[in-house]
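Per-entry structural report
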Amino acid sequence: MKNTAVKIATILLMITLLFGCLDGRELSELEIVIGIGIDSADDPDSIKLTAQVVNVSQLGLSGSGGDPDSKPYWNAATTGTTIFEAIRQITHKTGNRLFVPHCEVVIYSKDVAKQGLYKHLDFFLRAIEMRLTSFILIAEGKAGEVLDAKPQTEELPAVNIYNLVKSYGFTSHLYDVTLKEFSSRLISEATAPVAPLIKVVQEGENKDVQVMGLAVFKEDKMIDELNMDETRGLLWVINEVKSGVLIVPTPEESGVAVFEIETAKGKVKPEITDDGKIIMHIDIKLQANLSEQTTAEKLARPEIFEKLQDNMSEVVVQEIMSAYEKSAKTGSDIFGFGDMIHKKYNKKWHEQLEEDWEEIYKTIEFDIKVDSKITKTNLLKNPVTQKLGG
Amino acid sequence: MNVERGKINVTQLFFCVTGFVEGSVLLVNFAVDMTKSQTWMAVLASIAVAIPVIYSYVALATRFPGLNVIQINDIVYGPILGKLISLYYIFFFALTFSFNNRDIGELYKTFIMPDAPMIFFLAAFAVTCAYAVHKGLEPLARVSHIIVAISFTVMLLIFLLLIDIMDFSNFLPLFDVPLISLIHSVHVITAIPFCESIAFLMIFGSLDKTEKAAKYVIWGLISGGFILLNVAVRNTAVLGNTETIWTSPSFESTRLIDIGTVLTRMDLLIGVIQTILIFFKASLLLYALATSVAQILGLKSYLPILLPLTAIEVILSATVYQSPVDHAMTTQNAGIFYSTPLLYFTPAITLLIAVIRKLPKSKRRKRS
Amino acid sequence: MIYVLTIYTLVAIINLPPLIKNGQKRELFAFIAFFIVAFVLSLLYAMDIEIPSPMEGLKYLIEDFMGLKYPEPK
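About the cut-offs
- Residues numbered from 1 in each chain as written.
- Chains lettered and ligands numbered in written order.
- Predicted model: local features only at pLDDT ≥ 70, side-chain atom pairs only at ≥ 80, totals over all residues.
- Helix = DSSP H or I, 4+ residues; strand = E, 2+ residues; numbered from the N terminus.
- Buried ≥ 20, exposed ≤ 12 C-beta atoms within 10 Å, placed from the backbone.
- Rg over C-alpha atoms; globule rule 2.2 N^0.38 Å.
- Contact = placed C-beta atoms within 7 Å.
- Nonpolar A, V, L, I, M, F, W, Y, C, P; charged D, E, K, R; others polar.
- pLDDT = per-residue confidence, 0-100.
- Pairing = 2+ DSSP bridges.
- Axes fitted to C-alpha atoms, helices over the stretch in contact; angles between N-to-C directions.
- Parallel < 35°, antiparallel > 145°, perpendicular 65-115°, else oblique.
- Left-handed = near helix turned anticlockwise from the far one by under 90°.
- Core = buried A, V, L, I, M, F, W, Y, C linked by C-beta atoms within 7 Å.

Some points on the overall build of chain C
Each helix and strand in chain C was counted, giving three helices and zero strands. Each helix and strand of chain C, placed in order from N terminus to C terminus, yields the pattern α-α-α. Counting over 74 residues, chain C shows a buried share of 19%.

Details of the overall build of chain B
When helices and strands are counted, chain B shows 16 helices and zero strands. For chain B, the C-alpha radius of gyration of 20 Å lies close to 21 Å, the compact-globule estimate for 368 residues. Residue burial in chain B is summarised as follows: out of 368 residues, 56% are buried. At a minimum sequence separation of 6, the contacts of chain B that also span at least 24 residues come to 83%.

Considerations on the interface of chain B and chain C
Across the boundary between the two partners, chain B contributes 27 residues, which contact 28 residues of chain C. Elements supplying a minimum of two residues to the side of chain B that touches chain C: helix H2 (28-35), helix H8 (179-194), helix H12 (303-320) and helix H14 (334-337) of chain B. For the side of chain B that touches chain C, a count of residues per class yields 19 nonpolar, six polar and two charged.

Some details on unusual backbone geometry
For Ser172(A), which is not glycine, the phi dihedral falls at a positive 55°. By the C-beta count within 10 Å, which is 21 here, Ser172(A) ends up buried. Although it is not a glycine, Asp48(C) sits at a positive phi angle of roughly 65°. Relative to the elements of secondary structure, Asp48(C) occurs in the loop between helix H2 (25-46) and helix H3 (54-65). By the C-beta count within 10 Å, which is 7 here, Asp48(C) ends up exposed.

Section: the confidence of the model for chain B
Here chain B averages 83 in pLDDT, and 95% of its residues register 70 or above. Considering only residues more than four positions removed or in separate chains, one finds that residues 363-368 of chain B, a stretch of pLDDT under 50, has one contact.

Looking at the sheet that holds strand E11 (residues 256-272) of chain A
Residue and element names in this part refer to chain A. Judged by pairing direction, the sheet is mixed, and its four strands sit side by side in the order E10-E11-E12-E13 without closing on themselves. Edge positions in the open sheet fall to strand E10 (245-249) and strand E13 (365-376), since each of these has one partner strand only. Pairs of neighbouring strands in the sheet enclose a mean axial angle of 40°, with direction left out of account. Summarising the sheet, E11 and strand E12 (residues 278-293) pair through 15 bridges and their orientation is antiparallel. Bridge pairing in E12 places Glu 260 opposite Asn 289.

Thoughts on the interface of chain A and chain C
In this complex, chain A contributes seven residues to the contact, which on the side of chain C involves six residues. Broken down by class, the residue content of the side of chain A that touches chain C amounts to six nonpolar, no polar and one charged.

Observations regarding the confidence of the model for chain C
The predicted model of chain C has a mean per-residue pLDDT of 78, with 89% of residues at 70 or higher. Mean pLDDT values for the elements of chain C range from 76 in helix H1 (residues 2-22) of chain C up to 84 in H2(C).

Here's the deal with the packing of helix H11 (residues 267-296) of chain B against H12(B)
Residue and element names in this part refer to chain B. In contact at an axis separation of 10 Å, H11 and H12 are set at 120° when each is read in the N-to-C sense. Judged by the angle between their axes, H11 and H12 are oblique. The two elements H11 and H12 meet at a crossing, and its hand is right-handed. On H12, the residues that touch Leu 286, Leu 289, Ala 290, Val 293 and Ala 294 of H11 are Ile 305, Leu 306, Leu 309 and Thr 310. When grouped by side-chain class, the residues that make up the contact of H11 with H12 number eight nonpolar, one polar and no charged.

Thoughts on helix H11 (residues 337-344) of chain A
Given 3.6 residues per helical turn, the α-helix brings residues three or four places apart onto the same face. Residue and element names in this part refer to chain A. In terms of residue burial, H11 counts as a mostly covered element, since six of its eight residues are buried. Every buried residue belonging to H11 is among Phe 337, Gly 338, Asp 339, Met 340, Ile 341 and His 342, and all of these are buried. As for H11, its buried residues are in contact with E11, E12, helix H12 (346-353) and helix H13 (357-361).

Remarks on the packing of helix H4 (residues 69-77) of chain B against helix H5 (residues 79-112) of chain B
All names here are of chain B. Remark: H4 packs on H5, axes separated minimally by 7 Å, with the N-to-C direction vectors making an angle of 145°. Every pair of crossing elements has a handedness; the one defined by H4 and H5 is right-handed. Facing H4, whose interface residues are Val 69, Ile 70, Asn 73, Asp 74, Val 76 and Tyr 77, H5 presents Pro 79, Leu 81, Gly 82, Ile 85, Ser 86 and Tyr 89. Of the residues in the contact of H4 with H5, the class split is eight nonpolar, three polar and one charged.

Overview of the environment of Pro304(B)
Note that Pro304(B) resides in helix H12. Owing to 26 C-beta atoms within 10 Å, Pro304(B) belongs among the buried residues under this scheme. Along the sequence, Pro304(B) and Ile273(B) sit 31 residues apart, while their C-alpha atoms lie 31 Å from each other. When residues no more than four places from it in sequence are discounted, the contact partners of Pro304(B) are Asn15(C), Leu19(C), Glu27(C), Ala30(C) and Phe31(C).

Describing the nonpolar core
Residues Leu286(B), Leu289(B), Ala290(B) and Ile305(B) are the most contacted members of the largest nonpolar core, which totals 128 residues. It is H11(B) that contributes the most residues to this core, 16 residues altogether. In this structure Leu289(B) touches Ile90(B), Phe93(B), Ala94(B), Phe97(B) and Leu309(B), once residues within four positions along its chain are discounted. Judged by nonpolar contacts, the second largest core, of 92 residues, contains Ala113(A), Leu121(A), Leu226(A) and Leu286(A).

Looking at the environment of Glu22(B)
Residues and elements named next belong to chain B. Within the fold, Glu 22 resides in helix H1 (residues 10-22). Note: C-alpha distance between Glu 22 and Gly 224 (202 residues apart in sequence) is 5.2 Å. For Glu 22, the residues in contact, after removing those within four places along its chain, are Ser 151, Gly 224, Ile 227 and Leu 277.

Topic: the pairing of strand E9 (residues 221-226) of chain A
Residues and elements named next belong to chain A. Inspection of the sheet shows strand E8 (residues 206-218) paired to E9 by five bridges, in the antiparallel sense. When the bridges of E9 are listed, Ala 215 appears paired with Glu 225. Count of turn residues in the E8/E9 antiparallel hairpin: two residues, of which Glu 219 carries a positive phi of about 55°.

Describing the environment of Gly331(A)
All names here are of chain A. With respect to the helices and strands, the residue Gly 331 is situated in the loop between helix H10 (302-330) and H11. For Gly 331, a count of 16 C-beta atoms within 10 Å corresponds to the partly exposed category. Separated by 21 residues in the primary sequence, Gly 331 and Gln 352 have C-alpha atoms spaced 17 Å apart. Every residue in contact with Gly 331, bar those within four places of it in the chain, is listed here: Glu 358, Glu 359, Tyr 361 and Lys 362.

This is how it looks when you write it as structure tokens:
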């Protein structure tokens, strides 16, 4: 009798363990989302959500025997007043819940960004399935269109956009802003959030996407844009320049010398002088190599290198200052200077600076030191010119 | 007359204490609300505050070798008052086990399996702990070695994997947080990981050599505290100022591991480790509960009442809080105050009275 | 509900006979007492009847009555 009881108890225990299967979702039930776009809908309170879902059966087939019209992805779009409502409404069209863990990019259209992103950001941070390392982008025009632009060398538009942002280092004209980075800047009272801009460029029949520049926010509303040079100015200061192209005028002003940045390091030290002035000491160390020159000058000589290095530093300082001046117009602290001062001068920050930081930001003085070094000239020692031996 | 027949040695005690303290590795997040980027300071301060308190527990147990705290209370306070004070201990063990059980239930329900009913997790976990306690103290002590080894390795591994995302300037500015918040944090961290080891007062009675226990227990405390410090430092360095918005900063920071697009979504690893650690801690608490109830009722062994006690605990865990938010809010306030007299003062007072009354009498006989 | 009944019957069947056989009166008494308490509580829970939680009482006692509360974090 006792033995039977024990056996029944064990069986019941094993059945109980099956409760864990309640959450199982089979692969055929998954709608794998790789990109999400948010636009404003006709109704002023609602948003239109476009989710790019991977069509697993078509993946890999397009162009090699498959139907040339069928795409390996599908943009499912719905409208709703909030994001979660719209995402659930998509089940009206798909019949399965969206599977968000592979979502790599979240694209907001400019209208939505200008109205404020708080209400459209909460879901992505709160959802258990979302990744914090997805990128945020702001689209000129409609986000849905950006997600539709079929790339040439990549099958899925969202993956293409992800690669574009990830390889920002090649030009350093944009910055990869993840959800975590964006929220960190949003939480900080002084720093202004930024996000890269993306737009659709129509060239003949093809629609391509281009990611370039940054959008600047005040709290959660977009107020300004930075172009390529200004973006790089920002990246110099926050030590995020990986590589890029610097166009420097030559000493004799007959053309330009083009440098490829090898390494760059930026360090900032804030200082508050006794009479309350704020000076930022920015120290940039830069190594570049000569990749191209458009003149027939012989540049590969030490004294010319000196002058070129000075010109290069000039260009870097100009980029930084242009970034600062653009941001100072709206009082947005994109560099994070406020937080740096908070960390170093805790008391002064709380007593004097915290309240009016926007105004005080416009009065910051700079002391920028750029130490550039030209490391090599690649394969050409002298330019191809008739003035050889001169 | 002791309800436990097994014996453990001091090395096992060391690992037991370390494992027990590590069991609260996710509870450091309760303190993050108050002290934000200075949680590491609160952890260090808590270790310092906890050392004398834990020392008083060990000193009490060393003075009465081979006896557990219920018996000690009877001797020091007399039969009636002793039983009342023991009831306070039992009440504490019961509630603490239900808090820990609920903790793991909420962890699973929020992060891992949101659709399953919570009572399932509570019952399954409690029954597993009951099984472990059914086997006795010795197997638990033997398992503690490997639990501590695994958890140490995993914690250090996660820390190393996150080093390149860490930004150590997030620790500045120092001293940004008001002092009262720091004190609050220290109170929470001292009460939950460290002083819940008052449960060990039931286990000290089973040591084979009680004289050297103090050194091992304090070292166990410090090693457990080292892991808690590791967690606090890691979360602050990785998450920076976003630390306070997450339900569980540990989960979020582990999620950010993204190496070679292969090592991603490692938060499951934290879930597994936390489950193992809380299982160890809860089993020890359940052991303390079962033996103390058995002792106070004068039973010869705690085995028969184990299952009914576990069932009561399951229902208690299911009803004690309305939601995780309730749990967090209460733990930061009432949850630590109700146990403050017990954890900080009762053992010390017991020790004091024992010294004044020159108990236990057998020691006196040996001296003269 | 049926689940609760089955489990408790099983536990009783497994645990009671040895206790009765060995004549351990105290253990038997304690077992039956806790068993009944657990059974009643589980039945109430399974029938969705609300069981008051001790924390509510403690919270009232400590926060409202004794006023021991830390200030809210910023």
